[in-house]
Amino acid sequence: MDDVEGVRNLVGTGLVQLVGGTVTAVVALGFLLQINVTMTALAIVPLAAFGFVSIKAFQTLRPAFRDRGKIRAEVIGRLTEALGGIRVIKGFHAVEKESEIFHSGVLRIFDNVKTTLRTSSLVTSLGTFFMGLASVLIMGYGGKLMLQGQLTVGELFSFTLFLGFLIAPVIQMANIGTQMTEAFAGLDRTAELLSWEKEDDDPRRTDMMPRIQGHLRFEDVSFAYDEDKPVLGGVTFEATPGMVVALVGSSGSGKSTMAGLAASFLEPNEGKVFVDGIDLRTVQLASYREQLGLVFQDDFLFDGTIRENLRFARPAATDEEIQDSAEKAYVTEFSDRFPDRLETIIGERGVKLSGGQRQRVTIARALLANPRILLLDEATSSLDTESEALIQKSLNDLLSGRTTIVIAHRLSTIQRADLILVIESGQIVERGKHDELIALEGRYHQLYTVQARI
């Protein structure tokens, strides 16, 4: 936002002053050459020296302004995180530590500002010096010519007048030079941002996803965030329409990565992910994701009312549809206790709601979206026993008639799955239904036994 504001200043006042000043200076230079070429040359020498100094100074200022934008972004980003996690900071008695981090960031900005102010002040001071030098040279040389009878008083007066028309725009351009340099630095950062490729810029993404039936297939899929650290290797499975597939395994085994591949947030390094026989790498993502429902472990809500957060999934939804999804996800079980019901302001990230209440809102949001493929990533992780019992009832509506990928450790969610995939070290080590895997007495049986003991 700051970079774009700098560009606005450039296009607004800065550019207008630059063009106007340049035209005035060129016209004045023509009259000066007409009066006396030698005197004009004497005036131009200091101006040329000033121009050289200004160019060198602005070459220093431009990267400094670019760095300032980066430093400010880092400091503001850290400050935003600190304010969002203020309870954690206070709880761990880390206020002084965060203050030191913020203080060091502000000092970096201060050092950058000192550099730019010092350079800008140097340019302004040298501008005054060179303009004064030009005036002294003209007065001295012009006076000499007058004494020799080679220049009249009127010509010297006219030359001095037009010299002022030449010098004033130069000084003006020097004054706006810093502003323009800052704007150009912002323009660099803005152009860099605009040059980033969009997800759909991939020339392979030409297919529009028709209405999804829900046939999901992973075909020998491998993926790594870093080349030497594979996360998934040779994963193959198939989910038919309406099937519930549960992904089970220890933390870091690759479950969330598989969900990210199914949602097209990631692309496989090897292998392919198909939906209804269409390779997701060839699909325009908007046409696919509008038929996709997501409920993450990190339940993200926006500052606003409960109704606004539900409507986010489908802006055109009617009040009756919103009310229905809220009832099915048992959001009304707690919202009806608030004076404003669904119009209750929940604060940034839903801070005014409990973890279980936030999770119910996100599930209601997914219900309202009515997706063809649903991804549940630890959807019941934030729920207490009572809330989970309510959610399990609502999940019956949510899972009905759509292909669902469930990442969960809660047995109540896993047992209802049509297919359970046990993931370890990026590999599917076991697959089948709950009773079949229990009978194998393998990794799933081990996980089940450990949780049952808990």
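What counts and what doesn't
- Residues numbered from 1 in each chain as written.
- Predicted model: local features only at pLDDT ≥ 70, side-chain atom pairs only at ≥ 80, totals over all residues.
- Heavy atoms only, no water.
- Helix = DSSP H or I, 4+ residues; strand = E, 2+ residues; numbered from the N terminus.
- Rg over C-alpha atoms; globule rule 2.2 N^0.38 Å.
- Buried < 20%, exposed > 50% of the residue type's maximum accessible area, 1.4 Å probe, protein only.
- Contact = heavy atoms within 4.5 Å.
- Areas by Shrake-Rupley, 256 points an atom, 1.4 Å probe, with all protein chains shown as cover.
- Lys, Arg positive; Asp, Glu negative; His and termini not counted.
- Charge placed at Lys NZ, Arg CZ, Asp CG, Glu CD.
- Pairing = 2+ DSSP bridges.
- Phe/Tyr/Trp six-rings, centres within 6.5 Å; stacked < 30°, edge-to-face > 60°.
- Lys NZ or Arg CZ within 6 Å of the ring centre and 35° of its normal.
- Axes fitted to C-alpha atoms, helices over the stretch in contact; angles between N-to-C directions.
- Parallel < 35°, antiparallel > 145°, perpendicular 65-115°, else oblique.
- Left-handed = near helix turned anticlockwise from the far one by under 90°.
- Nonpolar A, V, L, I, M, F, W, Y, C, P; charged D, E, K, R; others polar.

I'd like to hear about the overall build of the chain, residue by residue, with values.
Looking only at helices and strands, the chain has 15 helices and ten strands in total. For a compact globule of 454 residues, the expected C-alpha radius of gyration is about 22 Å, and the chain comes in at 34 Å, more than 25% above that figure. Within the chain, the fraction of its 454 residues that count as buried is 42%. Of all intrachain contacts in the chain linking residues separated by at least 6 positions in sequence, the fraction that spans at least 24 positions is 74%. Taken as a whole, the chain presents about 24300 Å² of accessible surface, with 58% of it coming from carbon and sulfur. Considering the chain, the positive charge centre built from 46 side chains and the negative charge centre built from 57 side chains are found 4 Å apart.

I'd like a description of the pairing of strand β7 (residues 373–377), backed by residues and values.
When you tally the buried positions in β7, you get five out of five residues, the bulk of the element. Neither face of β7 is left uncovered, since the one carrying Ile 373, Leu 375 and Asp 377 and the one carrying Leu 374 and Leu 376 both have all their residues buried. For strand β6 (residues 292–295) and β7, the ladder comprises four bridges, and the chain directions are parallel. Across the sheet, the residue bridging to Leu 292 is Ile 373, located in β7. Sheet analysis places β7 next to strand β8 (residues 403–407), joined by five bridges and oriented parallel. By the bridge assignment, Leu 374 is partnered in β8 with Thr 404.

Describe the environment of Gly 127, listing the residues and the values that go with them.
Along the chain, Gly 127 falls in helix α4 (residues 95–147). Here the alpha-carbon distance between Gly 127 and Phe 50, two residues 77 residues apart in the chain, equals 6.2 Å.

Please provide a residue-by-residue account of unusual backbone geometry, values included.
Its identity is not glycine, yet Asp 220 carries a phi of approximately 50°, on the positive side. With respect to the element layout, Asp 220 can be found in strand β1 (residues 216–226). One non-glycine residue with positive phi stands out, namely Asn 370, at about 50°. Looking at where Asn 370 falls in the secondary structure, it is placed in the loop between α11 (355–369) and β7. Exposure remark for Asn 370: the relative accessible area of 47% places this residue in the partly exposed category.

An account of the pairing of β1 is requested, with residue identities and associated values reported.
Here seven bridges tie β1 to strand β2 (residues 229–239), and the two strands are oriented antiparallel to one another. Within β2, the residue paired with Phe 223 across the bridge is Leu 232. Counted between consecutive antiparallel strands, the loop separating β1 from β2 contains two residues. In terms of strand pairing, β1 meets strand β4 (residues 270–275) through five bridges, oriented antiparallel. Bridging from a neighbouring strand, Ser 222 pairs with Glu 270 of β4.

How would you sum up the packing of aromatic side chains? Please name residues and give values.
Under the criterion given, the structure shown has seven aromatic pairs. Seen in terms of ring centroids, Phe 31 and Phe 162 are 4.6 Å apart; in terms of plane orientation they differ by 5°. Their pairing is stacked. Here Phe 162 lies in helix α5 (residues 153–194) and Phe 31 lies in helix α1 (residues 2–35), a separation of 131 residues in the sequence. Their ring planes at 65° and their centres at 5.3 Å tell us that Phe 129 and Phe 130 sit as a pair that is edge-to-face. On the basis of relative accessible area, Phe 130 is assigned to the buried category, the value being 13%. What links up through ring pairs into an aromatic cluster is the set Phe 31, Phe 162 and Phe 165. Arg 217 extends its terminal NZ or CZ atom over the ring of Phe 274, reaching a point 4.3 Å from the ring centre.

Give a detailed account of the packing of helix α9 (residues 319–328) against α11, specifying residues and quantitative values.
With their axes 8 Å apart at the nearest point, α9 and α11 run at an angle of 130° to one another. With respect to their mutual orientation, α9 and α11 come out oblique. Where α9 crosses over α11, the two elements pack in a sense that is right-handed. Together, Glu 321, Ile 322, Ser 325, Ala 326 and Lys 328 of α9 and Ala 364, Leu 367 and Leu 368 of α11 make up the contact between the two elements. Of the residues in the contact of α9 with α11, the class split is five nonpolar, one polar and two charged.

Report on the sheet that holds β4, specifying residues and quantitative values.
Two strands in a sheet stick together by hydrogen bonds in their backbones, pointing the same way (parallel) or opposite ways (antiparallel). Taken in spatial order, the four strands make up an open sheet running β2-β1-β4-β5, and their pairing is antiparallel. Pairing within the sheet leaves two strands with one partner each, and these edge strands are β2 and β5 (278–279). Contacts from helix α6 (residues 255–262) reach β1, β2 and β4 within the one sheet, and its direction differs from that of β1 by about 115°.

Remember, this is a structural readout, not a statement about activity or role.
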